[in-house]
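Examination of the molecular architecture
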Amino acid sequence: MKNYGRIILYIVLILIAIVNVFPFYWMINVSLQPLEAVYADPPEFIAKHPTLDNYKEIFTKYNFLRFTMNSLFISLTAAIGQLFTCSLAGFAFARMKFPGKELLFGLIIATIMVPIEVVIIPEFLLMAKLGWINTYLPMIVPSFLIGTTGVFLMRSFYENVPKELEEAAVVDGANPFAIYWRIFLPVSKASLSALFIISFLINWNAFLRPLIYLNSKHLYTLTLGLISFVGEFSALWNFLLAGAVVSVVPIFTVYLIMQKQFIEGITSTGVKG
Amino acid sequence: MKYKLYVPYLFILLAMMGLFIFRLGPLFFAGIMSFTDWSMFGSAGFVGLENYIDFLGDETFWKIVGHTLLFSLIFVPSIAFGSLILAVLLNQGVKGTTAFRAMYFAPVITSTVAVGIVWRWIFGADVGMLNFLLRTIGFESPPSWLSDRSLSLLVVAFVFAWKRLGYYMIIYLAGLQDIPKTLYEAARIDGAGHFAIFRKITVPLITPTMFFITIMALVDSFKNFDIIYTMTRGGPGRASTTLAYYIYQHAFELFEMGAASSLSMLLLLLVGGIAVLNFYYKSHWVETQG
């Protein structure tokens, strides 16, 4: 009786896994075939003559290398910015007393739920005023500075750092920034890497901001490059799906290497949020 | 610890710039703009409540509110129950849990654009995978999914739920692991079956997490711009246009910034209402269940 239960459990788990993985499998499968294969009836479930031509095309003719670099640059800069903004503020909110602290922290928490669609119009007008349209700045600067969940995450961590560590440094005559930099920052490596991954991911996959801010093709991010394929070459599924694979591979690699931090990041920002 | 008075403000300076310039400032400004007929071309004039009155009296607007709520109505229960089922199955301590978890999580880290593109192919009317399968098992004329007025919104909501399930599964898993193992052992000794254990122990103790996830998923369900843009662009016609997409259309296709701002205020009202409801009912519902 017990064994049957286990077998059914496995079957269910595997079926769910198939539903989750099949679209990715298909991405790869089509990306390795010429366009005719996409329209073959029945479809080719395993590429008979796999080729890397689609990848060669999108990288040489359609600028995908440039798109990848753009995405990488934006996501890295924004994520590194987040680390500073959130750890600095998280440190202050956790370890310092100052007038207005509760109010300011409350405001940060209150804006966690605000969808980007609500604030994007004034933001767009601001960016236009600053002359930042068609530059990377609108993708980087807001993400660099807005750390609603990040400040929360870092504050929760820093609240639990033992007092003695801080006191010892003060006795040694360290200034506040040195305490933050030499003591708090190093002990929070795990939280920082979780935060880094989350904000890298958000910016890597971001779509609305690139869509409204970028006009020149050479500035496109991967998501925007992909969607421009849909417009121009609506039927070229082989290129589209090769492009999708290119956008997914880097993030999957990071995920497989840092699975633990990913999960931690989600549970610590999610559960208590 | 004692620090000089100005020191904390230096530490929070960057975050406060973000908060005031990119969050509160735009919120406030969007509120002001919603009372104007601001467009990208020409000057803006104060029009009072006209934008709101126009929308509230417009049939199309209510249709779009309807789409928005229908999207949530499909998305939220799928998430609240679907991700719980995934989490409970994964929490049985089977071999390969990490591998299964990684596979269930894969859609979460994939961009909505890539997800939308692949699923567009799967739901394609003529060359799509799903319709190929349906024809194979004997359906002569399967539905055209995304180009079908009555189906496109449902398909998009389903795909979005597929993408987000793994995220909420992780949060449930954390909740499940907080349930003391001794409770399960005691129940097993008393001879309780799997289903009884699930109903009598897991469900009551996971209720706070479930409440939290429902609220989060509800807010999540309004942020559907990316998936709708990628899969249907609000179509066919307006059949899958939601509030988030309608804001984009007004602001960045019609350049009616004033009218678009009033729409975004209405979206904010919806989200804010949920937040207040959450705050108000949280203690009540969760405590009586626990």
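This section reports on the structure supplied with the text. Since the structure is predicted, the reported quantities are computational estimates derived from the model, not experimental observations.

**Description of the overall build of chain A**
The helix and strand tally for chain A stands at 15 helices and 0 strands. Its C-alpha atoms give chain A a radius of gyration of 23 Å, more than 25% over the compact-globule value 19 Å for 273 residues. Along the first, second and third principal axes, the C-alpha set of chain A runs to 75 × 65 × 35 Å. When each of the 273 residues of chain A is scored for burial, the buried share is 45%. For chain A, the share of sequence-separated contacts (at least 6 apart) that also reach a separation of at least 24 residues comes to 79%.

**Observations regarding helix α9 (residues 163-171) of chain A**
With respect to burial, α9(A) is a largely exposed element, only 0 of its 9 residues being buried. Looking one or two residues past α9(A), A:Gly173 carries a phi angle of roughly 85°, positive in sign.

**What about the nonpolar core?**
Core analysis: the largest hydrophobic core is formed by 155 residues, its most contacted members being A:Ala89 and A:Ala244. With 15 residues, helix α8 (residues 152-177) of chain B is the largest single contributor of residues to this core. Composition of this core by domain shows at least three residues from each of domain 1 (1-51) and domain 2 (54-270) of chain A. Setting aside anything within four residues of it in sequence, one finds A:Ala89 in contact with A:Gly147, A:Val151, B:Phe11, B:Ile12, B:Leu14 and B:Ala15.

**Some thoughts on the interface of chain A and chain B**
Facing 71 residues of chain A, the contacting portion of chain B comprises 67 residues. Considering every element that reaches the side of chain A that touches chain B, the biggest residue donor is helix α1 (residues 2-31) of chain A, with 12 residues. Residue classes in the side of chain A that touches chain B are distributed as 56 nonpolar, 10 polar and 5 charged.

**Section: the packing of helix α4 (residues 64-95) of chain A against helix α11 (residues 189-205) of chain A**
All names here are of chain A. Put simply, α4 and α11 touch, their axes get as near as 8 Å, and they point 140° apart. On the basis of their axis angle, the class for α4 and α11 is oblique. Regarding α4 and α11, the two cross each other, and that crossing is right-handed. Listed contacts from α11 to Ser71, Ile74, Ser75, Ala78, Ala79, Gln82, Leu83, Cys86 and Ser87 of α4 are Leu192, Leu195, Phe196, Ser199, Phe200, Asn203 and Trp204. Split into classes, the residues belonging to the contact of α4 with α11 amount to 10 nonpolar, 6 polar and no charged.

Reading the values: rules and limits
Positions within a chain are numbered from 1, following the residues in the order the chain's sequence is written. Chains carry letters and ligands carry numbers; both start at the beginning, A for chains and 1 for ligands, and go up in the order they are written. Whole-chain, interface and lining totals are the exception, using all residues; otherwise, since this is a predicted model, local features are given only for residues with pLDDT of at least 70 and side-chain atom pairs are given and counted only at 80 or more. A helix here means a DSSP run of H or I that spans at least four residues, while a strand means a run of E at least two residues long, and both kinds are numbered starting from the N terminus. Atoms counted for the radius of gyration: C-alpha only. Globule rule: 2.2 Å times residue count to the power 0.38. Labels follow a simple rule on C-beta atoms placed from the backbone: if 20 or more others lie within 10 Å of a residue's own, it is buried; if 12 or fewer, it is exposed; otherwise it is partly exposed. With C-beta atoms placed from the backbone, a contact is any residue pair whose C-beta atoms sit within 7 Å. When buried Ala, Val, Leu, Ile, Met, Phe, Trp, Tyr and Cys residues are joined through C-beta atoms within 7 Å, the set is termed a nonpolar core. For the domains described, the bounds stem from an automatic or database domain assignment. As a working rule, the residues Ala, Val, Leu, Ile, Met, Phe, Trp, Tyr, Cys and Pro are called nonpolar, Asp, Glu, Lys and Arg charged, and the rest polar, with Gly in that last group. All axes here are fitted lines through C-alpha atoms, helices being fitted over the stretch that makes contact, and every angle between N-to-C directions spans 0 to 180 degrees. Orientation categories follow fixed angle ranges, with anything under 35 degrees roughly parallel, anything over 145 roughly antiparallel, 65 to 115 roughly perpendicular, and all other angles oblique. Crossing handedness is defined as follows: a turn of the near helix away from the far one that is anticlockwise and smaller than a right angle gives a left-handed crossing, while the clockwise case is right-handed.

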